[in-house]
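Listed below are the residues making up each chain.
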Amino acid sequence: MRVVICGAGQVGYGIAEKLAAEKNDVSVIDLSPELIRNVRDALDVRGFVGHGAHPDVLEAAGAKDADMIIAVTFHDEVNMIACQVAHSLFEVPTKIARIRAQAYLQPHAMGMFSRDNMPIDVIISPELEVGEMVLRRIALPGAADAVGFADDRIIMVALECLEDCPVVDTPLSQLSELFPDLLATVVGISRGGRLFVASSQDQLAVGDIAYVVASKQQVRRTMGLFGHDEEKAARIVIAGAGNIGLHVARAIENGDTPAKVKIIEAGRERAVAAADSLRRTIVLHGSALDQKLLMEADIAEADLLVALTNDDQVNILSGVMAKRLGCRANLVLINNPTYHDFAGMLGVDAYINPRMATISRILQQVRRGRIRAVHSVQHGAAEIIEAEALETSPLVGRPLRELDLPEGIRLGAILRDNAVIRPNGSLRIKPKDRVVIFAMASAVRQVEQMFRVSLEFF
């Protein structure tokens, strides 16, 4: 696949790294000579210094022969025009643009993103993607990661095995025997920094992170079996009233069991705007690092502080301060990947990686075959993939135990006629089944092949 990426920031670099490792032909455009130099030095891609929406730059980058353009510069307008130029002058088939400004994403404005107006096939809003991720983590306290598949009927949760975890030192095959009605499968294990596919003979150890695919109706029960029965937060303090903070606060207000929410915002105009747009949420103007203001927000009685400002250091420090002042837990937004490895040592309970949220959304469009959703885990070491089985798929028809499945994958769950099914050796995949698979990076191409439309299908 030939791909042109406009923007060599964290997201652009991450996508280029992933696609180049899979032997795609990738070109990256950015105005910054330093960023392009870094891309050229570290990755097997072509780098071009220039404006991502200029026709001559796009042509030099190979837009004429490109299968896809991914516009992820820091400017919405550049991303939109880059897609327009790619369509009008070079007839690029697939156009993806990152758009941050919520004004472009209002229902009455979405009509302009059509083939006859501004032909963008996929619009990605990082703020909304991250906001939904935050809401899932709030709904499933104790999960190190959580994402929904198959219209949220299937949930993947990453669970740390603590000292009191009931399933430690138990072969995974015995879990199926002990809980035959439990619609949950351990698909992957991270141990000592190494991620691998789980097998029925594996045993979980203290400190492991287990990646579990479960029915939505049984995800809380599943978490309880792993020793995670934390109660949902009833009192939440949000640091930052930007697009993400407002999205989270509004969703909580409109939820079935809304928690009591307070927001701390450093910018006066933004604080006033947030207070005007929210109904029940209390908005406080000031810094989330101001101990007196945290006390005014009743942080000692709060169940959770969610730090969503644009400053990683503010997010980390406010999360640590909140716990020191009596808050039960914190959830922190961290953009800089260098902070991820030692955030826990500083006192961060859980963090959100916005870069991976955006990359996962883009990979969903890059993946070939009937791929419906993709979630990247462990910095791209593996992916959770939802795919639709076709009549021509090699998975269809025979019992799973008779299939010669490639190494590096494990089936987690199947959605058939709105019912969730746990895979077993006698199960036969049927056409139109939606299959959730854990795949190591080395096996992703083989998963794509299993769900591609072959010529025989026509």
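Residues numbered from 1 in each chain as written. Predicted model: local features only at pLDDT ≥ 70, side-chain atom pairs only at ≥ 80, totals over all residues. Heavy atoms only, no water.

### Description of the UniProt feature "domain: RCK N-terminal" (unreviewed entry) in the protein chain
Right, on to step 1. Mapped onto this numbering, the UniProt entry gives "domain: RCK N-terminal" (unreviewed entry) at residues 1-124 and 233-352.
Right, on to step 2. Measuring from the first to the last C-alpha atom of residues 1-124 gives 21 Å, for a span that is 35% helix and 22% strand. (UniProt positions renumbered as here; feature names shortened; annotations may be inferred. Helix = DSSP H or I, 4+ residues; strand = E, 2+ residues; numbered from the N terminus.)

### Regarding the pattern of salt bridges
Right, on to step 1. This model, assessed by the stated rule, comprises 20 salt bridges.
Right, on to step 2. Between Arg361 and Glu129 there is a salt bridge; the shortest N-O distance is 3.0 Å. Here Arg361 is found in helix 13 (residues 354-366), whereas its partner Glu129 is found in helix 5 (residues 126-139), with 232 residues between them in sequence.
Right, on to step 3. The class for Glu129 is partly exposed, based on a relative accessible area of 26%.
Right, on to step 4. What emerges from the salt-bridge pattern is a single network uniting Asp151, Arg153, Glu386 and Arg434. (Salt bridge = Lys/Arg side-chain N within 4 Å of Asp/Glu carboxyl O. Buried < 20%, exposed > 50% of the residue type's maximum accessible area, 1.4 Å probe, protein only.)

### Observations concerning the sheet that holds strand 4 (residues 68-71)
Right, on to step 1. What the 6 strands build is an open sheet, ordered 3-2-1-4-5-6; its pairing is parallel. Both outer strands of the open sheet, strand 3 (46-49) and strand 6 (122-124), are each paired with one neighbouring strand and no more. Shown here is a sheet whose adjacent strand axes are inclined to one another by a mean of 15°, direction ignored.
Right, on to step 2. Both strand 2 (residues 25-30) and strand 3 contribute to a ladder of 4 bridges, which runs parallel. Residue pairing for strand 3: Ser27 is matched across the bridge by Arg46.
Right, on to step 3. Contacting strand 4, strand 5 (94-98) and strand 6, helix 13 runs over the sheet at an angle of about 170° to strand 6. (Pairing = 2+ DSSP bridges. Axes fitted to C-alpha atoms, helices over the stretch in contact; angles between N-to-C directions. Contact = heavy atoms within 4.5 Å.)

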